[in-house]
Amino acid sequence: MTNTLDAVRTVLIESLELQQRPEDLREDTVLFGSLPELDSFGVVQLVTSLEDRFDIRVDDDEFGADIFETVGTLTEFVDAKLAVA
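Definitions and limits used
Residues numbered from 1 in each chain as written. Predicted model: local features only at pLDDT ≥ 70, side-chain atom pairs only at ≥ 80, totals over all residues. Heavy atoms only, no water. Helix = DSSP H or I, 4+ residues; strand = E, 2+ residues; numbered from the N terminus. Rg over C-alpha atoms; globule rule 2.2 N^0.38 Å. Buried < 20%, exposed > 50% of the residue type's maximum accessible area, 1.4 Å probe, protein only. Contact = heavy atoms within 4.5 Å. Areas by Shrake-Rupley, 256 points an atom, 1.4 Å probe, with all protein chains shown as cover. Core = buried A, V, L, I, M, F, W, Y, C linked by side-chain atoms within 4.5 Å. Expected span 1.5 Å × (residues − 1). Salt bridge = Lys/Arg side-chain N within 4 Å of Asp/Glu carboxyl O.

S.K.: Got a sec to walk through the overall build of the chain? Specific residues and values, please.
M.R.: When helices and strands are tallied, the chain shows three helices and zero strands. Relative to a compact globule of 85 residues, whose C-alpha radius of gyration would be 12 Å, the chain shows 12 Å and is just as compact. For the chain, the spread of C-alpha atoms along the principal axes amounts to about 30 × 25 × 20 Å. By the burial criterion, 42% of the 85 residues in the chain qualify as buried. Sequence-distant contacts, at least 24 apart, represent 61% of the contacts inside the chain between residues at least 6 apart. Counting only carbon and sulfur atoms, one obtains 48% of the accessible surface of the chain, whose full area is about 5100 Å².

Shown next as structure tokens:
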């Protein structure tokens, strides 16, 4: 998961134009509700960036606040998508 975690942190920082460093985003870092950049537009931008970076497809019915709860939950979601790809 470390490689995925590092890549997810990079995608978060780049797609949302965050000022944090990758090491500032730990697995338990809360995303949804604590990052003003993660609004409805930010979610779409983030998902598009994740799809491009990891060559995955996120279906509309998979969108839910639970996958954006923390950096860890987002990383677990990406790992699960990669496992079935």
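S.K.: Just give me the short version of the nonpolar core, but keep the residues and values in it.
M.R.: In this structure, Leu12, Leu38, Leu46, Leu50, Phe68 and Leu74 are the most contacted members of the largest nonpolar core, which totals 25 residues. When contributions to this core are tallied by element, the ones reaching two or more residues are α1 (2-16), α2 (40-54) and α3 (71-84). With seven residues, α1 is the single largest residue contributor to this core. With residues near it in sequence (within four places) discarded, Phe68 still touches Leu31, Phe32, Leu38, Val43, Leu46, Val47, Phe63, Thr73 and Leu74.

S.K.: Got a sec to walk through α2? Specific residues and values, please.
M.R.: Here α2 is 15 residues long and its end C-alpha atoms lie 21 Å apart, about the 21 Å a rise of 1.5 Å per residue gives. Three or more residues of α2 are buried, namely Gly42, Val43, Leu46, Val47, Leu50, Glu51 and Phe54. Residues of α2 that are buried in the fold lie against α1 and α3. A positive phi of about 55° marks Asp55, the residue just after α2.

S.K.: I'd like to hear about the pattern of salt bridges, residue by residue, with values.
M.R.: Any two side chains of opposite charge can pair if their charged atoms end up close together. Per the counting criterion, the structure on display carries six salt bridges. Here Asp28 ties to Arg26 by a salt bridge, and the two come within 3.2 Å at their closest N and O atoms. Linking Lys81 and Glu62 is a salt bridge whose minimum nitrogen-to-oxygen distance equals 3.0 Å. Taken together, the residues span a long stretch of sequence, with Lys81 in helix α3 and Glu62 in the loop between α2 and α3 at a distance of 19 residues. Overall, the relative accessible area of 14% leaves Lys81 in the buried class. Each of the salt bridges in this network shares a partner with another, and the network as a whole consists of Arg21, Glu23 and Asp24.

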